[in-house]
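For reference, the chains in residue letters:
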Amino acid sequence: MTTRPVLGIDIGGSGIKGAPVDLETGTFAAERLRIPTPKKSTPKKVGAAVAEIVEHFAELIGDGPIGLTVPAVVTHGVTRSAANIDPGWIDFEAEKMFEDLLGRKVVMLNDADAAGLAEAHYGAAKGHPGLVLLSTLGTGIGSALVHAGVLIANSELGHIEIDGKDAETQASSGVKDKLGLSYKQWIPRIEKYFQTVERLIWPDLIVVGGGVSKDSDKFLPYLKLNTPIVPATLRNKAGIIGAAWMAVYRQQHDADTESVAEANRRAIERSQQPEVPVVGDSDSDRDDRVTAVDADEQVEVDEQVEAPPAEDAPAEQD
Ligand code: BGC
């Protein structure tokens, strides 16, 4: 990938944490810096804290790109939701703001997606060839779907509806803390959540991250699931590592990826074309084949309506 460490920054509800990452090993190249998240977590206030972290590591990271996670849906550099941060992030051109502010390439992604990438490339699901669901259990429930190392971004499975309620408001570890639930009392909630998710997407492996994963022995062994479930290994480093990984990956792939708007335009155009023509050597061939197919189809439909007994069927039909 690259030999110079790449800065990853994880924007969370209580802290903004950054560290330069050695992407050969998936480890920190220097001690992490944490700044408390401003009370009102607007893009501008968070921007100032991020700039401080970038400044702190400037010498080590040179003019390289940086990866930034945020607890929100991020599509093409725009933050689209704000479940546990300031609503000012909704439909906000975040990547552009950070690039203008920091004067360097910035890549933004959802916090759980970053953690999922890190676990898939360096952690609990390293080298896994199947569909891995990383679920982060914290104030909210984050999710990342990674298939054979490739991220399917913004899955947002913490917001599936269970019994008419948003799942993360019933089953997150934040809810456990808020209601003062013991593990025994919380287990049925988180079990129901995972059972519902596994019926929807049938993952090959579930990896559980977030603060509560350090106590995984208190709940993972008691969950009745069809899918193997293991604790994350990178813990609270995963977001930073995944962000740095994505910063470099995106830079390497941006150039050969056509824009989504362009691909959508082509798909819409294609859908408006009348019919896919049958391939033939000449125009007359094509006409013949279309007629033949139509005629066959007609016979089949007629047979279904008035099927003669098998023994009476004309021999040439075989
Ligand atoms: C948000 C997700 C985020 C998760 C964990 C959820 O409320 O919708 O985008 O990944 O919390 O922070």
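Under an unreviewed UniProt entry, the name given to the protein chain is Polyphosphate glucokinase, and the source organism is Raineyella antarctica. Turning to the protein chain, the UniProt record has this under Sequence similarities (unreviewed entry): "Belongs to the ROK (NagC/XylR) family."

Draft legend 1. View of the overall build of the protein chain. Scanning the protein chain from N- to C-terminus turns up 10 helices and 15 strands. Within the protein chain, residue pairs in contact and separated by at least 24 positions form 61% of the contacts whose partners lie at least 6 positions apart.

Draft legend 2. Representation of the site of the ligand within the structure. Residues in contact with the ligand, as listed here, are P71, A72, A83, N84, N110, D111, A112, I141, G142, E156, H159 and E168. In this structure, an oxygen atom belonging to the ligand sits 2.8 Å away from a side-chain N or O atom of E168. Protein burial of the ligand: of its 310 Å² of free accessible surface, 92% is covered by the chains. Secondary structure elements with two or more residues in the shell around the ligand: α4 (111–122) and β10 (141–147). Here the shell around the ligand is composed, by residue class, of five nonpolar, four polar and three charged. For the shell around the ligand, the two domains that each supply at least three residues are domain 1 (6–115 + 240–256) and domain 2 (127–233).

Draft legend 3. Representation of the pattern of salt bridges within the structure. With the rule as written, the count across this model stands at 11 salt bridges. A salt bridge links D91 to R80; its shortest N-O distance comes to 3.2 Å. Of the two residues, D91 is situated in the loop between β7 (78–79) and α3 (94–102) and R80 in the loop between β7 and α3; the sequence distance between them amounts to 11 residues. D91 gets classed as exposed once you look at its relative accessible area, which sits at 52%.

Draft legend 4. Seen up close, the nonpolar core. Ranked by internal contacts, the top residues of the largest apolar core, which has 31 residues, are L23, V207 and M246. Contributions of two or more residues to this core are made by β2 (15–22), β8 (106–110), α4, β9 (131–137), β10, β14 (205–209) and α8 (238–254). In terms of residue count, the dominant contributor to this core is α8 (nine residues). Formed jointly, this core draws a minimum of three residues from each of two domains, domain 1 (6–115 + 240–256) and domain 2 (127–233).

Cut-off values and rules
Residues numbered from 1 in each chain as written. Predicted model: local features only at pLDDT ≥ 70, side-chain atom pairs only at ≥ 80, totals over all residues. Heavy atoms only, no water. UniProt positions renumbered as here; feature names shortened; annotations may be inferred. Helix = DSSP H or I, 4+ residues; strand = E, 2+ residues; numbered from the N terminus. Contact = heavy atoms within 4.5 Å. Near = heavy atom within 4 Å. Polar contact = N/O pair within 3.5 Å; in protein donor to acceptor, adjacent residues only side chain to side chain. Areas by Shrake-Rupley, 256 points an atom, 1.4 Å probe, with all protein chains shown as cover. Nonpolar A, V, L, I, M, F, W, Y, C, P; charged D, E, K, R; others polar. Domains from an automatic or database assignment. Salt bridge = Lys/Arg side-chain N within 4 Å of Asp/Glu carboxyl O. Buried < 20%, exposed > 50% of the residue type's maximum accessible area, 1.4 Å probe, protein only. Core = buried A, V, L, I, M, F, W, Y, C linked by side-chain atoms within 4.5 Å.

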